[in-house]
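Secondary and tertiary structure notes
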Amino acid sequence: LKVSKKGTDANEDAHEDAKESGSDCESTEPKESKACGFSALIGSSDTDSDAAHAHDSQIQKPAEMAVEKGPTTEIAAESAPPSKSKKKKKGKKSQVKKTEDSSEGEELLLEAALVQAEVTAAANSLQLGDDANCGNSLAMAKPFFNADRERRRLFKMKPSQMKDGHNGHNSRKGQSLKLRGTTEGHFLHYRRLFIIEPTPDEGWPRPDGCARMVTDSSQCFRIETTPERTKMLLEFASDAASYEPQMVYDFLMDYPFCVEALLVASEMSREGRDHQEAFRLLRRAVYAAECSFNGAFSPFSETQVPMVRGDGCCILSWPRVRVQLPGNDSSWPGWSWLMALWGYMLGLASQGLPRTSLEVCKLILAMTLPYDPTHSLAHLDYFALRAEEYDFLLHFVEHFNPPCALPAQCIMRLDCCLPNFAYSAALAYYLRTDGDACEASALGTVNVEHLTEPCWVRAGSDRTDGPSQAHLALLRAMLFFPGTLRSILDNLGISLNSSASGSPYKLSWSELLDRSPLGQKPTLHQQHFLAHALVSDAFVQRCAAFFRGERMLRWLHACAGRLVQMCESSLFEKELLQARKAWSEAPLAVANALANDYKQFSTSEVGPERKAPVIFENAVNTWLGAPAETPPHRPEAQLVAKAPPRHAPPQLVRPPPAIPPPPPAGYALGGLLPPPQPRPKAAPLQLNYHQDEQEDSEDDEALRKALLLSEAEERRRLVAEQDAEYRE
């Protein structure tokens, strides 16, 4: 191709003009600061090369056009710089977009690195517990408390795609900008939060009027009330006495961080099918409780607790979150905190976030064990199976070690203490091996010696994983808790006259369940058989779906047939029945919880109605001034609860009022709020020695309540006037 001299000169002039215009544009626009350190390694791979390639192509394009067109392209060459600047601006926009993508990628990598560090630390603590045989089986990690992190993991979302301010990249950037300036220093307490991270739209300040947590010499934390909280509850009781929901919401306008009022309002919203508002109120209640935690309260730090084990003593590593529970005091301020955590845990599970629910459940157990007033042991195995945390579930089952004194021959393994953990451990082994547990060869490796091993002996480090371990766990569950197997079949609607297809045993389900050791009135635990039956019903109601399918039913039938085949020999049958009898007479590591907390356990607590435990209902009745049921006594250092003494000196007092007729059905909210009751007729006073003093105290109490009611009425009137002025 021949180019004339005039065309060449035009080309050179156009090229020089392009350079000059490019230098002018670069000098007028501010230069972007280059990334350094770890961010430079992340963002310099593709972004810089793409930007440089776009810049070179934009500079060379006008010159190439001038060369191709020759002398006639002088006007085009002169008009090239303006188009050059426009294209360069477009290139810079794309470069800014790529920079934002690289910053998001950098944030995701940093978050993954932090999560990996936390998980590694938790795994190391679990490994140390294996060596000492008394380690921390409830090790927790801070990233797993973040619900937004689990949402991004489940739905494959980037931080910038999170809506409604769910702690994404942009929301965190806006939060850092919003919290500076005139409000600087008011949000420093956010750094200590690990359960609830307020969004920029919320911007909650430090709450006041809550209970306080103080340290104790026994390495436990005590939760005490404050004068501000007492005054707040008295006013709340007067507002809630009318049983009008609007009164509760008006009270929250004055006291937005009253945990008790937030819990009652959340229950009202849930009964009204406004689940989003109910969960929002629960988050605020948990935030108020978390801000009141003591500075030494930390689930990520461990404390050494000396514990008695038989005739010896061991040092137990436990999270620094142990709380001293009261006996039968329903006015204890800590019940509102535990109720907030309990509701938040179930709310996360209903949103499809089982991993975060599992972490909150571990926190509640670490706070309350060896007791379990929230019945979290009935939820933990379900959350672990839903979150596919099989390794944690098996470690927790085999290395459970509560912080209390236990005898020497005490059953420590949870799969031998509770029926839900027995079948959940078998499911964890089965699902971890990808369901290859129905081989007849693997089933034949399980013998009577494995099943008759004492229950207080933990699994050693030489445990063999695989199909045989899943078979052994399921056979042990059927031996100790045979009634759960029948309940699972009834829940799934399986005909007992049929058999599972593909099973190596041809007997029907009814024939297997009628033979020893599954039938013929099996031996139950002597002390905790009632609690075992309640926990078993709850497990079947919620976890029976895990056994649905032809392959799972074939596994159940094969293991049941193998257990019945072992008992065909009189010698083996005698050994198995003796092992079950020894188990029924041995003390359990969860005896404190079963004897004190699970006597009033209900299967509706794990159902869709989500009934609250009895202790929470009593606490709500105490807040509202209604009479509460007597909760079980919770002693400090004994394995089985004894009935507290109820001998009191006789006194001549006002007789109790007559029981009013029951209110109409559906009036009470979720079983927590007591229904309105008509005022009983005043009974005549009986003569006693302190009649005048009682009358004076009653008059003072009536005067105080009248003053509180008048103040509440005045406040409502002011709110109504403000609303009217706003509407005008």
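Criteria and cut-off values
- Residues numbered from 1 in each chain as written.
- Predicted model: local features only at pLDDT ≥ 70, side-chain atom pairs only at ≥ 80, totals over all residues.
- Heavy atoms only, no water.
- Helix = DSSP H or I, 4+ residues; strand = E, 2+ residues; numbered from the N terminus.
- Buried < 20%, exposed > 50% of the residue type's maximum accessible area, 1.4 Å probe, protein only.
- Core = buried A, V, L, I, M, F, W, Y, C linked by side-chain atoms within 4.5 Å.
- Contact = heavy atoms within 4.5 Å.
- pLDDT = per-residue confidence, 0-100.
- Phe/Tyr/Trp six-rings, centres within 6.5 Å; stacked < 30°, edge-to-face > 60°.
- Lys NZ or Arg CZ within 6 Å of the ring centre and 35° of its normal.

What follows deals with the environment of Asp311. In this fold, Asp311 is placed in the loop between strand E3 (298-309) and strand E4 (312-320). The class of Asp311 is exposed, set by a relative accessible area of 86%. Placed 95 residues apart in sequence, Asp311 and Leu406 show a C-alpha to C-alpha distance of 9.6 Å.

Right, let's talk about the nonpolar core for a bit. Core analysis: the biggest nonpolar cluster contains 164 residues, and Ile195, Phe396, Tyr423, Met478, Phe547 and Trp555 have the highest contact counts within it. Per-element tally for this core: the top contributor is helix H12 (residues 334-350), with eleven residues. In this structure, Tyr423 is in contact with Leu474, Ala477, Met478, Phe481, Thr484, Leu485, Ile488, Phe539 and Phe547, ignoring residues within four places of it in sequence.

Attention now goes to unusual backbone geometry. Cis geometry marks the peptide bond from Leu369 to Pro370, where omega comes out at 10°. Its place among the elements puts Pro370 in the loop between helix H13 (354-368) and helix H14 (377-386). For the peptide bond that leads from Ser516 to Pro517, omega is 5°, which places it in the cis range. Of note, the phi angle at Arg610 is positive, near 55°, even though the residue is not glycine. Checked against the element boundaries, Arg610 lands in the loop between helix H25 (591-596) and helix H26 (614-624). Classification of Arg610 by relative accessible area gives buried; the value is 17%.

Let's shift gears to the confidence of the model for the protein. Overall, the predicted model of the protein reaches an average pLDDT of 74, with 64% of residues at or above 70. This model gives residues 1-8 a pLDDT under 50, and the stretch forms six contacts once residues within four places in sequence are excluded.

What follows deals with the packing of aromatic side chains. Throughout the structure, instances matching the rule amount to 23 aromatic pairs. Here the aromatic rings of Phe221 and Phe297 are separated by 5.6 Å at their centres, their planes lie at 65°, and the arrangement is edge-to-face. Separated by 76 residues along the polypeptide, Phe221 in strand E2 (residues 221-224) and Phe297 in the loop between helix H11 (275-291) and E3 bring together distant segments of the chain. Comparing Phe221 with Phe297, the two get one shared label, buried. Ring pairs connect the aromatic residues Phe221, Phe293, Phe297 and Trp337, which therefore count as one cluster. The cationic tip of Lys362 hangs over the ring face of Phe392; the distance from NZ or CZ to the ring centre is 4.5 Å.

The next thing to look at is H14. What sets the pattern is the α-helix's 3.6 residues per turn: residues three or four places apart point alike. Of all ten residues that make up H14, nine are buried, and the element is covered over most of its length. Listing the buried residues of H14 in full gives Leu377, Ala378, His379, Leu380, Asp381, Tyr382, Phe383, Ala384 and Leu385. Buried residues along H14 sit against H12, H13, helix H15 (390-398), helix H16 (419-432) and helix H22 (529-543). Phi turns positive one or two residues past the end of H14, at Glu388, with a value near 60°.

Attention now moves to the side chain of Arg283. You can see Arg283 is positioned in helix H11. Under the relative-accessibility criterion, Arg283 is labelled buried at 15%. In this structure Arg283 touches Ile196, Glu197, Glu202, Trp204 and Tyr344, once residues within four positions along its chain are discounted.

Note that Cys291 resides in helix H11. For Cys291, a relative accessible area of 11% translates into the label buried. Put simply, Cys291 and His189 are 102 residues apart on the chain and 7.5 Å apart in space, counted from C-alpha to C-alpha. Discounting chain neighbours no more than four positions away, the residues touching Cys291 are His189, Leu193, Arg206 and Pro207.

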